[in-house]
Amino acid sequence: MLLKLVGSIFVIFAGSYLGFSIAKRYIKRPNNLRQVLSCIVSLKSYINYTVMPLSDSLMNCAMGANREVTNFFTTTADLLKNNYLLLPQEAIQRSLILHKNKLSLTNEDCEVLLLFGSHLGEMDREEQQKYLTMIQKRLEILEGEATVLRDKNSKMYRYLGVCGSLMVVLLLL
Amino acid sequence: MIHILKKIERDIYPYLPFQITQLLQQVDEAALKNIIEIRLRTNRPLQLVLPNGSYAVQEHGKLSSDFQKGYICSEVDVTHTIQAMSKNSFYALEQELRMGYITLEGGHRVGIAGQAILNDGKLKAIKNISSMNIRISREVKNCAEPILSYLIDHHTRIFNTLIIAPPRCGKTTLLRDIVRSLGSGKINFSSVQVGVVDERSEITACKNGIPTLDIGDSVDVLDGCPKSTGILMLIRSMAPDVIVTDELGREEDVIALSEALHAGVSVITSVHGDCIENVRNRPYVKQLIEEKYFDRYVVLTDRPGIGTVREIISVKDETVLFSRKNDKGASLCC
């Protein structure tokens, strides 16, 4: 009996944990996308007004963002600073490999971030602004979708985790 | 003084593609010490310009005058190099790129050529860059020492001086050492305040506005600022005794310079040309020559060696103070 009780508690905890962690990903994604968006807005200012080199701009624009987003931008900046021959897109790709899971981003989000890196730093200020505005708009659409998904799925996965595990326990008992 | 090979390794190699760096590392050290330029052109051979001519670089760093056998630069080589030199920040070098050059840390100027984009008839940008000329900057300390006495009026003032020379004759190297000598009080002047308008960051090789070369203690540098604006700014804000700037040419430069000359500030500057007659035919600059704004002309040549002083002329009394014709074999500078 004791074994059954311990097993049931374990199943409930495991199921709830799974549900909560999936829900957490849904909650984190729009939050991180919003943070990335604000970093890009800040990057636009660093490029347009202070005319800082890209690596410094990337480093500075992430100040004030949450840890995951800051790490993503600072890793990209460090990679560019340490190897002049590395292209921004390659640096973003390497940084995404390191931080993708922690950022809770989908493949579609990563594609937009890679697109963000594809022409970064190779245009004049005016064109760079236009390009970053385009990326900003795409990220805003993704953020909107992510918010809808968060509202729809986060509660559902939490309940599903708890209720599913309870159902498994009942079935097993 | 940093050895030129170390300087190349520190300032140039990090921007060059691996294959090119590897080839250059294998080039004979004696040749590399005298290097003047490294030229990269898309689909054409990599060239090293030495005092005795241009050479292609073959396998194992062997230099050859047969360009067909040399390493051929690919489009990727050139685009990656320019991308790296701009530190992936073309937007930060908009103005420089429009003028056809960027300057690396260490004061090395990189000339570029490619496809021009025009907007309302004016050059907006250069895209598809296909040629690059990396000019190696040198710091030759005390190279100005032999001519300094010609530039000073009985220890009371510094003469307004125009250095005249074609490209690759050591104008900037000489100017740099003049700045250092004046700024470090080497002459018997008490507290000469030197202002440098370093439009291309070549004279003082500034990084984040701070000079990376030894330029003396009494020198203020306005880095990356157009001469026309910078000269007037320095006069108003820093009260210099002498203003040093490089490569006159535009109308606005000449206007600013004549203002400085009338404001009681001495000016030492340079202009492209191989003799005074040539410079006299240049638009804008000819006005300064005709109206005898300067006190001294220093004419440089690259024969027999870069930085050789051909003539020093006193303008007001029209006398030749020094001439290589009179003083055979004397090479004063660099």
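The structure presented is a predicted model; accordingly, all values stated were derived computationally and were not measured.

A.B. asks: Would you mind going over the overall build of chain A with me for this structure?
C.D. replies: Tallying secondary structure elements over chain A gives six helices and zero strands in all. Counted from the first residue to the last, chain A has its helices and strands arranged as α-α-α-α-α-α. Computed over its C-alpha atoms, the radius of gyration of chain A comes to 21 Å, more than 25% above the 16 Å expected for a compact globule of 173 residues. Across its three principal directions, the C-alpha atoms of chain A cover 70 × 30 × 25 Å. Burial analysis of chain A (173 residues in total) assigns 40% to the buried set. Restricting to contacts in chain A with at least 6 residues of sequence separation, those with at least 24 account for 66%. Of the accessible surface of chain A, which amounts to about 9,600 Å², a share of 63% is contributed by carbon and sulfur atoms. In chain A, 20 side chains carry a positive charge and 15 a negative one; their mean positions are 11 Å apart.

A.B. asks: When you look at a nonpolar patch on the surface in this model, what are you seeing that I'm missing?
C.D. replies: All names here are of chain A. On the surface, a nonpolar cluster with roughly 540 Å² of combined accessible area is contributed by Leu2, Leu5, Val6, Ile9 and Phe13. As for its placement among the helices and strands, Ile9 is situated in helix 1 (residues 2-50). By relative accessible area, Ile9 is classed as partly exposed at 43%.

A.B. asks: What should I look at first to understand the domain arrangement of chain B in this one?
C.D. replies: The extent of an interface is frequently quoted as the accessible surface area lost upon association of the parts. Residue and element names in this part refer to chain B. Entries for chain B in the domain assignment read domain 1 (2-135) and domain 2 (145-330). Spacing between the C-alpha centres of domain 1 and domain 2 amounts to 28 Å. Looking only at domain 1, the three residues that lose the most surface to domain 2 are Tyr101, Glu105 and Arg109, adding up to 34% of its buried area. Here domain 1 and domain 2 share three salt bridges between them. Close ionic contact of Arg168 with Glu37 constitutes a salt bridge, the shortest N to O distance being 3.0 Å. Counting the contacts that link domain 1 with domain 2 gives four residue pairs in polar contact (both at pLDDT 80 or more).

A.B. asks: Before we go on, may I ask you to explain the layout of surface pockets in this structure?
C.D. replies: Empty space among the atoms becomes visible once a probe the size of a water molecule is rolled across them. There is about 1,200 Å³ of room inside the largest pocket. Sorting the residues of the lining of the largest pocket by element identifies helix 2 (54-61) and helix 3 (67-82) of chain A together with helix 5 (94-99), strand 5 (101-103) and strand 12 (206-207) of chain B as the ones contributing at least two each. Looking at the lining of the largest pocket, the element that brings in the most residues is helix 5 of chain B, giving five residues. Taken together, the residues of the lining of the largest pocket sort by class into 16 nonpolar, eleven polar and twelve charged. Looking at which domains feed residues into the lining of the largest pocket, each of domain 1 (2-135) and domain 2 (145-330) of chain B gives three or more. Counted as a void, the second largest pocket has a volume near 720 Å³. Along the wall of the second largest pocket there are 30 residues; nearest its centre are Ile136(B), Ser137(B), Arg138(B), Thr173(B) and Ile306(B). Elements with a contribution of two residues or more to the lining of the second largest pocket: helix 1 (4-11) and helix 7 (171-183) of chain B. Split into classes, the residues belonging to the lining of the second largest pocket amount to eleven nonpolar, eight polar and eleven charged.

A.B. asks: What exactly am I supposed to notice about the interface of chain A and chain B here?
C.D. replies: Counting from both sides, the interface comprises 20 residues of chain A and, opposite them, 15 residues of chain B. With both chains or domains summed, chain A and chain B bury close to 1,500 Å², and 57% of this area falls on carbon and sulfur atoms. Broken down residue by residue, the surface that chain A buries against chain B is led by Tyr84(A), Leu85(A) and Asp124(A), which jointly contribute 41%. Residue Glu94(B) pairs with Arg125(A) through a salt bridge whose shortest N-O separation is 3.6 Å. Looking at the side of chain A that touches chain B, the elements that each hand over two or more residues are helix 2 and helix 6 (125-172) of chain A. Per-element accounting of the side of chain A that touches chain B gives the leading share, three residues, to helix 6 of chain A. Class assignment of the residues belonging to the side of chain A that touches chain B gives a composition of 13 nonpolar, three polar and four charged.

A.B. asks: So what exactly am I meant to see when it comes to the sheet that holds strand 10 (residues 161-165) of chain B here?
C.D. replies: To summarise the sheet geometry, strands pair through backbone hydrogen bonds and adopt either a parallel or an antiparallel arrangement. All names here are of chain B. Pairing in this open sheet of eight strands is mixed, and the strands run 14-11-15-16-10-17-18-19 from one edge to the other. Single-partner strands in this sheet number two, and they are strand 14 (219-223) and strand 19 (319-323). Across the sheet, the axes of successive neighbouring strands diverge by a mean angle of 20°, strand direction being ignored. Relative to strand 19, strand 18 (residues 308-314) runs antiparallel, the two sharing four bridges. The residue of strand 19 that forms the bridge with Ile313 is Val320. Of the strands in this sheet, strand 11 (194-198), strand 14 and strand 15 (242-245) touch helix 8 (residues 227-238), which is tilted by about 155° from strand 11.

A.B. asks: Would you mind showing me how to read the environment of Gln89(A) here?
C.D. replies: In this structure, Gln89(A) sits in helix 4 (residues 88-103). Every residue in contact with Gln89(A), bar those within four places of it in the chain, is listed here: Leu114(A), Gly117(A) and Ser118(A).

What counts, and where the lines are drawn
- Going along each chain's sequence as written, the residues are numbered from 1 onward.
- Just so you know, chain letters begin at A and ligand numbers begin at 1, following the order they were written in.
- Residues qualify for local features only when their pLDDT is at least 70, as the model is predicted, and side-chain atom pairs are given and counted only at 80 or more; totals for whole chains, interfaces and linings, by contrast, use all residues.
- Side-chain figures throughout are based on the complete set of non-hydrogen atoms in the structure, without hydrogens or water.
- Runs of E in the DSSP output that reach at least two residues are strands. Runs of H or I that reach at least four are helices, and both are numbered from the N terminus.
- All radius of gyration figures rest on C-alpha atoms, and the globule criterion is 2.2 Å times the number of residues raised to 0.38.
- Only protein chains enter the calculation, and the probe is 1.4 Å; a residue is then buried if its accessible area is under 20% of its type maximum, exposed if over 50%, and partly exposed in between.
- Residue contacts are defined here by distance: any two heavy atoms, one from each residue, within 4.5 Å place the two residues in contact.
- Computed by Shrake-Rupley with a 1.4 Å probe, the accessible areas treat only the displayed protein chains as cover when residues are assessed.
- Note that His is not counted, nor are the chain ends; the positive residues are Lys and Arg, and the negative ones are Asp and Glu.
- Note on charges: their place is set at NZ of Lys, CZ of Arg, CG of Asp or CD of Glu.
- Like charges are joined within 9 Å and nonpolar side chains (Val, Leu, Ile, Met, Phe, Trp, Tyr) within 5 Å, but only among residues with over 30% relative accessible area and no salt bridge; these make up the patches.
- Each salt bridge in this description consists of a side-chain nitrogen of Lys or Arg and a carboxyl oxygen of Asp or Glu lying within 4 Å of one another.
- Either an automatic procedure or a domain database provided the assignment from which the domain bounds are taken.
- Buried area: the sum, over both parts, of the accessible surface (1.4 Å probe) that disappears when the two are put together.
- Identification of polar contacts relies on pairs of N or O atoms within 3.5 Å, with a donor-acceptor requirement for protein atoms, meaning one able to donate a hydrogen and the other able to accept it, and with residues adjacent in sequence counted only if both atoms are side-chain atoms.
- The pocket and cavity definitions rest on a 1 Å grid over protein atoms only: a 1.4 Å probe that fits but cannot leave marks a cavity, an open set with protein on both sides within 12 Å along at least five of seven lines marks a pocket, and residues lining either have an atom within 4 Å of a point.
- Grid points are joined across faces, edges and corners, and a volume is the space filled by probe spheres set on the points.
- Three classes are used, and their members are as follows: Ala, Val, Leu, Ile, Met, Phe, Trp, Tyr, Cys and Pro are nonpolar, Asp, Glu, Lys and Arg are charged, and the others, Gly among them, are polar.
- Only strands that DSSP links by at least two bridges are regarded as paired with each other.
- Axis lines are fitted to C-alpha atoms, over the contacting stretch for helices. Their N-to-C directions set the angle, which ranges from 0 to 180 degrees.

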